[in-house]
Protein chains: 4
Amino acid sequence: MTTTRQQLLAQVRQLSETLCAPLALEDYGLQAMADTSPAKWHLAHTTWFFETFILKRFDRNYRPWHPQFEVLFNSYYNGIGEQYPRAQRALLSRPAVSEVMNWRQAVTEAVLNLLDTPPAGIEALVDLGMHHEQQHQELFFTDLKYNFSHNPLYPAYANGPEVFAKAAAQPCSWQTHRGGEVEIGHRGAGFCFDNETPAHPALLQDFVLADSLVSNADYLEFIADGGYQRPELWLADGWATVMEQKWQTPLYWVQSEQQWFEFTLHGLQPLDPQRPVSHVSAYEADAYCRWAGARLPSEYEWEYAARQAPLTGQFLESGCYHPRSTASGELHGTLWQWTSSAYAPYPGYKTPKGAVGEYNGKFMVNQLVLRGGSCVSSANHIRSTYRNFFYPADRWQFTGIRMAKWP
Amino acid sequence: MTTTRQQLLAQVRQLSETLCAPLALEDYGLQAMADTSPAKWHLAHTTWFFETFILKRFDRNYRPWHPQFEVLFNSYYNGIGEQYPRAQRALLSRPAVSEVMNWRQAVTEAVLNLLDTPPAGIEALVDLGMHHEQQHQELFFTDLKYNFSHNPLYPAYANGPEVFAKAAAQPCSWQTHRGGEVEIGHRGAGFCFDNETPAHPALLQDFVLADSLVSNADYLEFIADGGYQRPELWLADGWATVMEQKWQTPLYWVQSEQQWFEFTLHGLQPLDPQRPVSHVSAYEADAYCRWAGARLPSEYEWEYAARQAPLTGQFLESGCYHPRSTASGELHGTLWQWTSSAYAPYPGYKTPKGAVGEYNGKFMVNQLVLRGGSCVSSANHIRSTYRNFFYPADRWQFTGIRMAKWP
Amino acid sequence: MTTTRQQLLAQVRQLSETLCAPLALEDYGLQAMADTSPAKWHLAHTTWFFETFILKRFDRNYRPWHPQFEVLFNSYYNGIGEQYPRAQRALLSRPAVSEVMNWRQAVTEAVLNLLDTPPAGIEALVDLGMHHEQQHQELFFTDLKYNFSHNPLYPAYANGPEVFAKAAAQPCSWQTHRGGEVEIGHRGAGFCFDNETPAHPALLQDFVLADSLVSNADYLEFIADGGYQRPELWLADGWATVMEQKWQTPLYWVQSEQQWFEFTLHGLQPLDPQRPVSHVSAYEADAYCRWAGARLPSEYEWEYAARQAPLTGQFLESGCYHPRSTASGELHGTLWQWTSSAYAPYPGYKTPKGAVGEYNGKFMVNQLVLRGGSCVSSANHIRSTYRNFFYPADRWQFTGIRMAKWP
Amino acid sequence: MTTTRQQLLAQVRQLSETLCAPLALEDYGLQAMADTSPAKWHLAHTTWFFETFILKRFDRNYRPWHPQFEVLFNSYYNGIGEQYPRAQRALLSRPAVSEVMNWRQAVTEAVLNLLDTPPAGIEALVDLGMHHEQQHQELFFTDLKYNFSHNPLYPAYANGPEVFAKAAAQPCSWQTHRGGEVEIGHRGAGFCFDNETPAHPALLQDFVLADSLVSNADYLEFIADGGYQRPELWLADGWATVMEQKWQTPLYWVQSEQQWFEFTLHGLQPLDPQRPVSHVSAYEADAYCRWAGARLPSEYEWEYAARQAPLTGQFLESGCYHPRSTASGELHGTLWQWTSSAYAPYPGYKTPKGAVGEYNGKFMVNQLVLRGGSCVSSANHIRSTYRNFFYPADRWQFTGIRMAKWP
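**Points about the overall build of chain A**
1) Next: Of regular secondary structure, chain A possesses 9 helices and 12 strands.
2) Next: The C-alpha atoms of chain A give a radius of gyration of 21 Å, which matches the 22 Å a tight globule of 407 residues would have.
3) Next: Referenced to the eigenvectors of the C-alpha coordinate spread, the extents of chain A come out at roughly 65 × 55 × 45 Å.
4) Next: Across the 407 residues of chain A, 59% fall into the buried class.
5) Next: At a minimum sequence separation of 6, the contacts of chain A that also span at least 24 residues come to 79%.
6) Next: Per element, the accessible surface of chain A, about 15500 Å² overall, is 52% carbon and sulfur.
7) Next: For chain A, the distance from the average site of its 31 positive side-chain charges to the average site of its 41 negative ones is 4 Å.

Listed below in structure tokens is the structure:
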């Protein structure tokens, strides 16, 4: 018995609210930087998405919940209209959380009703809305972690010492892949984002890929060897960032006397050397690889290898929101992996028409592709062809390092 | 029957909480700029003040509520220790409001208990703590107004169309004062801040003072006459600010098609021409005076005139948190009035010893003195000798303009 | 009779000085932004390069000219040591121009002497030094133009109304190229930079390339059609830059009443519609293409097409330092052409060892590749495989737009 | 035989050029921050002043030298028109120095000619122009020193080891002054600036004034006692500046291994403990006084004491552009002395009409008054009533510390 679109939609909508349950009401408005939205804003924006792109178009009886919400909860769709300033989202103490929840329910019900007799063209937009909401569920975690991290009380989103059982040691070994002409991108049925298309041939040279992620223990060696003090290991823009931001460690590391701690969604925890290093920028990932005599994989190399790997790994459903060790050869889940590839359109890529076309295409400059998903991604949200993208200096995502080499 | 110190303390402490009652829980954390603290922070900091300066010193049995609150809620007392960054106070979603309220109660009770048999030296600090809390009650209003103003939904802190009954027209007339040697500053019994001392003689020349505040109608004429476009009317630093901040009106004015509105603690309201203009910087106040052929009074002139005026006016107790018209010759209340005087120590002023000495003295540079109190000051907090001080570009306080002239 | 390396070196070194001849002594120190170095600094830095990488290594008798010049004229070689702050180069009024010229002569002579009996390994470094100096000759022009442009007197570097004879109209036609596996990168004898290697196979799809550059007339249509006001035409980072920088035209356009002018190295000149549009960012180039229903070519597409084109075009030697029309199918010279390709290492690329390794490799992030050379490049400096690179927002280089399309 | 106005004018104009004689042509354009203008700009602006306020008004035959110079060399006179951006003055490599010198000569001659039969009202403006030029002669020195200081070669404006003969030790003693009603401000014949008027009575309390300036040796004790690490010694804005700017010493001190040096207009010199400490901000001056149990004098106290002191001291004419020890009780010359007084209008002050009115009045906010003149002031430029003014954080002027106390 397959899950219907209506059931899936109800599940996805419900999950956003379930994830918020552990929060105090005071937590919903936190925003420590322009990039990290408040939890309430995520709840509202995902609702805005369905209201704007589906209800306003397909439901003649639907009346927008509030005339100003179109502006307040528009993220970046210029085709829809102006947007409340991104950096000021914490200032929206109103609407209250309760009103946003009421709005959510009304919108969910209205879309579910529409799906009883779905008008032509609605399914693709509902699917997009669900995957969009799953992206914001991941952002809920990454943003909350960043926002909480500024509080010296180190609030814990979730308890669970058991999830912090010491991870197993995991020796890194290398897997050699033969090059040649391969197909890249998404083809066939099943949802994908526009940026995964069109599928197209690409030429790969032989390459070698690590079958596990770089661990905290590995990264401690890099630090001990002066990694953050040696410009020759860094890209020029990376070194400038190290100097300017005074980076000395990954984002959430805290040194207390003689011990390292790491801020996690489970509170402040002793740094576990066996776990994969997380919350590193692409600059740090690149510098680490250079130090280790390796390099970052291209997104084509990664995808080619990932197609041969199982779609298993640590996802949101594990209930542990901090990376555990990966199994050997496990490419998906646990941590997003920086690639050396600039985020760019695939040959023949066409931006979809209308405001929905702003979803992906307009960001195709200055960012790098990440692959694999993370421990705060939903399992059914991730594919081998999935392309995530962030600026090389970004560290608040669940990012890690998988090394590659030439043979 | 006089009010005892214990009764007063209980009243002041209670008022802080009563003033917060209309807020939604989501509102307590708002902070739109570094200068405007969240409501919860005001509740906590005033409690910190009693815990730090009284309980830690006089109560051997008192155990600090939480070891990190000393840092989190220290405003600027370097003598106590380091401070959580001012601009990040909105990031402290924890402690929750409920915990702060519990802390408040415990501290209030502990201080009240101490006052049963007051140890030597405690009274002056309790009085300081109460006046300190009254200052933060006023800041609660000014900060909330500023923080709410960034929300396009324009939340109203208080209802009350009746308080917006059109104010009575109030023709400005002038009062001439004879100069000579006068006494300035506080002398005798009753509480005052250190910066009002020592009382000392000063020499005044004859001067003329307006017996009412500049009205919105007056200020609209200044605007219509190109006030914000004519550099010759402005101090150089003022003009630079006008250019940089693109000032065109006082802080909370909103132009909607052909009508002016003003954001108030009672929501967005049509601009009432008869009310005094409010939320202007000293630069605007100075430019307006220059345009009108007048000048700002010195703080000595103001104090000398105020000593002859009744201590009546619109204060917090009126329940109207927006300035009404003043009665002729009413110098206190309604709006703080910019003076031309730089905030500086009186001759012979000595900074008190210890961390409490940081209360006033260290701010005696770069700021201007304001006099009179406002509609969000407690009536029993204001004196003719009271010296308030802000930077000349500040506009989020309840500030207005009283003109002076040479005869 | 071939030119010897010594002759070439003498010519290149002489050219730097010849190019400076039209300057007033006051012009040598101009620096309008961190990216644009003073002319004197270019003269000194290219000398530093020979002193640092050749004389200090190969000439035991050579004594560095001044102990502090190693720091003052080091651009970005951390492997050599610290650097005088880039943004402050205009503050180095000393050493005087005359001393820099003396230093130049001493260094040139010392290197020429070494080449009488060249030690092993010196040739490659001398060649690198010459091509490095040619790059700075181009930067001399681009920087001077930018620095002069801030002076309302609009100084002209060179006269010559004849070079401004109205350019011929040039209709744009399109050339279709068949895809397939092609070789990219430099192979064989002759100088190239490390970033052009290794030569490697690549897979191209069929593509169409414009045989001329976008003209000012074309670009005026884009502007007239609201090009700078329509976010849907822009990459997100591009649009943010347009808003922030208030871009309305290419960099050097000046509107005077009803006529367009363009600041050039030949002074302020009426905008010639037939000339190619120049000094546009990659954001503008991309937006223009989107508006025109086209796209930017990849660097692979460009190189593949360029290999079939003659190595002719407008170069520095023309004496005209402003772009003229290109001949149909002329891909080299005139203006650098933005590609859609992020600047990244070719498969198998290895950074050379030592400080010289900082020349190219560490910049391989956040920048885009430009191809073709410009009217201020030396003709013998340019190759089809040559990869130039700048940030997408950069506009002070001689950059233009060549469009591509899918068939 | 008295000097005529024509002779004086010729002398003042000549001095500006004589002072520039030691410069290399490359030095004329230096500008290390917006506050420090290039030497060439000073030469041009002082010429602009005469052209704008005198020749354009009084000389019908005079034709402005260049139509754009009115904008290029206007400092801040909005009444005249717009101004070339202050921070970009170094970008004006043209007009060349030689052209500015020609312009100077033409303007000087035209004004001298006018003075043969002086039109009514011209004398006061000529006098103002001369004193204005003397102010810029002092700024020439202060700006050049600051601009040179960024060059690691430490250029020397003037030689002269003899001027660096070790200064004599000078014990600090205190002079008590009786208070009472005194007259402040300029009265009678002789030139003064508008800000010195009107003369008016003021009431002083008894005070004590140091008869010498704080020495480097004194200041070293302050540093050794943790002066720059103890917030309790500082005004709040001062401490914020110390933290932000990372101040550890006065502006030009350089620590080299175990010795202190000081950058001077005579090059880098060993720090002489006996000389007065110079190039300190008002914040540092205030902190030093607090540490020493003293305070800064008010400008009224200073003026009252100065009227009883001789008008002697170290001025520009000494040929030593670095402060020597002062004689006991010598209040004028050597170094400007910070006072505790905010720069504000005297009672009854009226801004002069027209653009000349922008000379002083519009700066009367946010700045502090300095008194006394310095070793780079012309002797005949200084009076006891002279009010100089700078922001409390400014350090590039020749500023020092004279302490005061209550009896």
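Moving on, there is more to tell.
**Points about the environment of B:C289**
All names here are of chain B.
1) Next: With respect to the element layout, C289 can be found in helix α8 (residues 282–291).
2) Next: You can call C289 buried: its relative accessible area is 1%.
3) Next: C-alpha separation for the pair C289 and R402, spaced 113 residues apart in sequence, amounts to 8.8 Å.

**What to know about the packing of aromatic side chains**
1) Next: Counted according to the given criterion, the structure contains 156 aromatic pairs over all chains.
2) Next: Consider the rings of B:Y219 and B:F222, whose centres lie 5.2 Å apart with planes at 55°: the pair is tilted. Of this pair, B:Y219 and B:F222 both sit in helix α6 (residues 216–224), separated by 3 residues, roughly a single helical turn.
3) Next: Given a relative accessible area of 0%, B:Y219 falls into the buried group.
4) Next: Judged by its relative accessible area of 0%, B:F222 is buried.
5) Next: Between D:R295 and the ring centre of D:W406, over which it is positioned, the NZ or CZ distance is 3.8 Å.

**Here's the deal with the pairing of strand β7 (residues 267–270) of chain D**
Residues and elements named next belong to chain D.
1) Next: When strand β6 (residues 259–264) meets β7, the two strands line up antiparallel, connected through 4 bridges. The residue of β7 that forms the bridge with E262 is Q269.
2) Next: Between β6 and β7, which follow one another and run antiparallel, lie 2 residues.

**Examining the interface of chain A and chain C**
One frequently used descriptor of interface size is the decrease in accessible area upon assembly of the parts.
1) Next: Contact residues are listed per partner, giving 28 residues for chain A and 28 residues for chain C.
2) Next: Between chain A and chain C, a total of about 2100 Å² is buried, with carbon and sulfur atoms accounting for 59% of that surface.
3) Next: Here chain A and chain C share 0 salt bridges between them.
4) Next: The tally of links from chain A across to chain C stands at 8 residue pairs in polar contact (both at pLDDT 80 or more).
5) Next: Put simply, the parts of the chain that give the side of chain A that touches chain C at least two residues each are β3 (200–204), α7 (236–245) and α8 (282–291) of chain A.
6) Next: A per-element tally of the side of chain A that touches chain C places β3(A) first, with 4 residues.
7) Next: For the side of chain A that touches chain C, the class distribution of residues is 17 nonpolar, 7 polar and 4 charged.

**Brief notes about the nonpolar core**
1) Next: Counting residues in hydrophobic clusters, the biggest one holds 193 residues, and the most contacted among them are C:Y157, C:Y219, C:I401, D:Y157, D:Y219 and D:I401.
2) Next: Other than its neighbours up to four places away in sequence, C:Y157 contacts C:L19, C:P22, C:L23, C:F140, C:F141, C:L144, C:F148, C:L265 and C:Y321.
3) Next: Grouped together as the second largest cluster of nonpolar side chains are 97 residues, A:V12, A:W103, A:V111 and A:F315 included.

**Considerations on unusual backbone geometry**
1) Next: Cis geometry is adopted by the peptide bond preceding A:P95, which originates at A:R94 and carries an omega value of 0°.
2) Next: Within the secondary structure, A:P95 is located in the loop between α3 (69–72) and α4 (97–114).
3) Next: Positive phi values are uncommon outside glycine, yet D:Y154 reaches one of about 45°.
4) Next: Tracing the backbone shows D:Y154 in the loop between α5 (122–148) and β1 (174–177).

**Some details on the sheet that holds β6(D)**
All names here are of chain D.
1) Next: Ordered by their spatial adjacency, 3 strands build an open sheet running β5-β6-β7, and the pairing between neighbours is antiparallel. The open sheet has two free edges, formed respectively by β5 (253–256) and β7, since each of these has just one partner strand. Neighbour-to-neighbour, the strand axes of the sheet open up by a mean angle of 35°, direction not taken into account.
2) Next: Against the sheet, helix α6 (residues 216–224) touches β5 and β6, its axis set at about 65° to β5.

**Remarks on the relation of the copies chain D and chain C**
1) Next: With an axial shift of 0.0 Å and an RMSD of 0.0 Å, the rotation relating chain D to chain C amounts to 180°. In the structure described here, the two chain copies are related by an operation that fits a two-fold rotation axis. For chain D, the minimum C-alpha distance to the rotation axis belongs to D:E26 and amounts to 2.9 Å.
2) Next: Residue by residue, 100% of the interface of chain D is reproduced at the interface of chain C, so both copies engage with the same surface.

**A look at the pattern of salt bridges**
All names here are of chain A.
1) Next: Considering all chains together, one arrives at 80 salt bridges over all chains under this definition.
2) Next: For E133, the salt bridge identified is with R13, shortest N-O distance 2.9 Å. Highlighted residues: E133 in helix α5 (residues 122–148) and R13 in helix α1 (residues 5–20), separated in sequence by 120 residues.
3) Next: Residue R13 is classed as buried on the basis of its relative accessible area of 2%.

**What about the interface of chain D and chain C?**
1) Next: Taken residue by residue, the interface counts 27 residues in chain D and 27 residues in chain C.
2) Next: For the pair chain D and chain C, the two sides together bury roughly 2400 Å², of which 60% comes from carbon and sulfur.
3) Next: It is D:E26, D:L91 and D:R94 that lose the most area in chain D upon contact with chain C, and together they represent 29% of the buried surface on that side.
4) Next: For C:D27, the salt bridge identified is with D:R94, shortest N-O distance 2.5 Å.
5) Next: The interface formed by chain D and chain C includes 12 residue pairs in polar contact (both at pLDDT 80 or more).
6) Next: In the side of chain D that touches chain C, the residues fall into 16 nonpolar, 8 polar and 3 charged.

**Some words on the relation of the copies chain A and chain C**
1) Next: Screw-axis analysis of chain A against chain C gives a translation of 0.0 Å along the axis, an RMSD of 0.0 Å, and a rotation angle of 180°.
2) Next: Of all interface residues in chain A, 100% are interface residues in chain C too; the two copies therefore contact each other through one and the same surface.

**Considerations on helix α9 (residues 299–306) of chain B**
All names here are of chain B.
1) Next: Burial analysis of α9 places 6 of its 8 residues in the buried class, the great majority of the element.
2) Next: The complete set of buried residues in α9 reads E299, E301, W302, E303, A305 and A306.
3) Next: The secondary structure elements touched by the buried residues of α9 are β1 (174–177), β2 (180–184), β3 (200–204), β4 (207–210), β8 (336–342) and β9 (368–371).

**Here's the deal with the packing of α6(D) against helix α8 (residues 282–291) of chain D**
Residue and element names in this part refer to chain D.
1) Next: With their axes 11 Å apart at the nearest point, α6 and α8 run at an angle of 80° to one another. When the interaxial angle is binned, α6 and α8 end up roughly perpendicular. On the side of α6, the interface is formed by D218, Y219, E221 and F222, while α8 contributes E284, A287, Y288 and W291.
2) Next: Looking at the contact of α6 with α8 residue by residue, the classes come out as 5 nonpolar, no polar and 3 charged.

**A short note on the sheet that holds β1(B)**
Residues and elements named next belong to chain B.
1) Next: On the basis of which strands lie adjacent, the open sheet formed by 3 strands has the order β1-β4-β12 and antiparallel pairing. Across the chains shown, the open sheet's two edge strands, defined by having one partner strand only, are β1 and β12 (404–405).
2) Next: Here 2 bridges tie β4 to β12, and the two strands are oriented antiparallel to one another. Looking at the pairing, L209 lines up with A404 of β12.

**Here we look at the side chain of B:T399**
Residue and element names in this part refer to chain B.
1) Next: With respect to the helices and strands, T399 occurs in strand β11 (residues 399–400).
2) Next: At 2.7 Å, the side chain of T399 and the backbone oxygen of V280 are in polar contact.
3) Next: Each residue touching T399, except ones within four places of it in the same chain, is listed here: V277, S278, H279, V280, L335, W336, W338 and L370.

**Overview of the arrangement of the chains**
1) Next: With respect to C-alpha atoms, chain B approaches chain C no nearer than 15 Å, and the pair has no contact.
2) Next: For chain A and chain D, which are not in contact, the least C-alpha distance works out to 14 Å.

**Quick look at the state of the cysteines**
Covalent bonding between the sulfur atoms of two cysteines defines a disulfide.
1) Next: Applying the stated criterion across every chain yields a total of 0 disulfides over all chains.
2) Next: B:C375 supplies the cysteine sulfur nearest to B:C20, a cysteine that is in no disulfide, at a spacing of 18 Å.

**Describing the environment of B:F148**
1) Next: Here B:F148 is to be found in helix α5 (residues 122–148).
2) Next: Residues in contact with B:F148, not counting those within four places in the same chain, are A:S93, A:R94, B:D27, B:L30, B:P155, B:Y157 and B:F263.

Rules and cut-offs
- Residues numbered from 1 in each chain as written.
- Chains lettered and ligands numbered in written order.
- Predicted model: local features only at pLDDT ≥ 70, side-chain atom pairs only at ≥ 80, totals over all residues.
- Heavy atoms only, no water.
- Helix = DSSP H or I, 4+ residues; strand = E, 2+ residues; numbered from the N terminus.
- Rg over C-alpha atoms; globule rule 2.2 N^0.38 Å.
- Buried < 20%, exposed > 50% of the residue type's maximum accessible area, 1.4 Å probe, protein only.
- Contact = heavy atoms within 4.5 Å.
- Areas by Shrake-Rupley, 256 points an atom, 1.4 Å probe, with all protein chains shown as cover.
- Lys, Arg positive; Asp, Glu negative; His and termini not counted.
- Charge placed at Lys NZ, Arg CZ, Asp CG, Glu CD.
- Phe/Tyr/Trp six-rings, centres within 6.5 Å; stacked < 30°, edge-to-face > 60°.
- Lys NZ or Arg CZ within 6 Å of the ring centre and 35° of its normal.
- Pairing = 2+ DSSP bridges.
- Buried area = accessible area lost by both parts, 1.4 Å probe.
- Salt bridge = Lys/Arg side-chain N within 4 Å of Asp/Glu carboxyl O.
- Polar contact = N/O pair within 3.5 Å; in protein donor to acceptor, adjacent residues only side chain to side chain.
- Nonpolar A, V, L, I, M, F, W, Y, C, P; charged D, E, K, R; others polar.
- Core = buried A, V, L, I, M, F, W, Y, C linked by side-chain atoms within 4.5 Å.
- Axes fitted to C-alpha atoms, helices over the stretch in contact; angles between N-to-C directions.
- Least-squares fit on C-alpha atoms with pLDDT ≥ 70 in both.
- Parallel < 35°, antiparallel > 145°, perpendicular 65-115°, else oblique.
- Disulfide = S-S within 2.5 Å.

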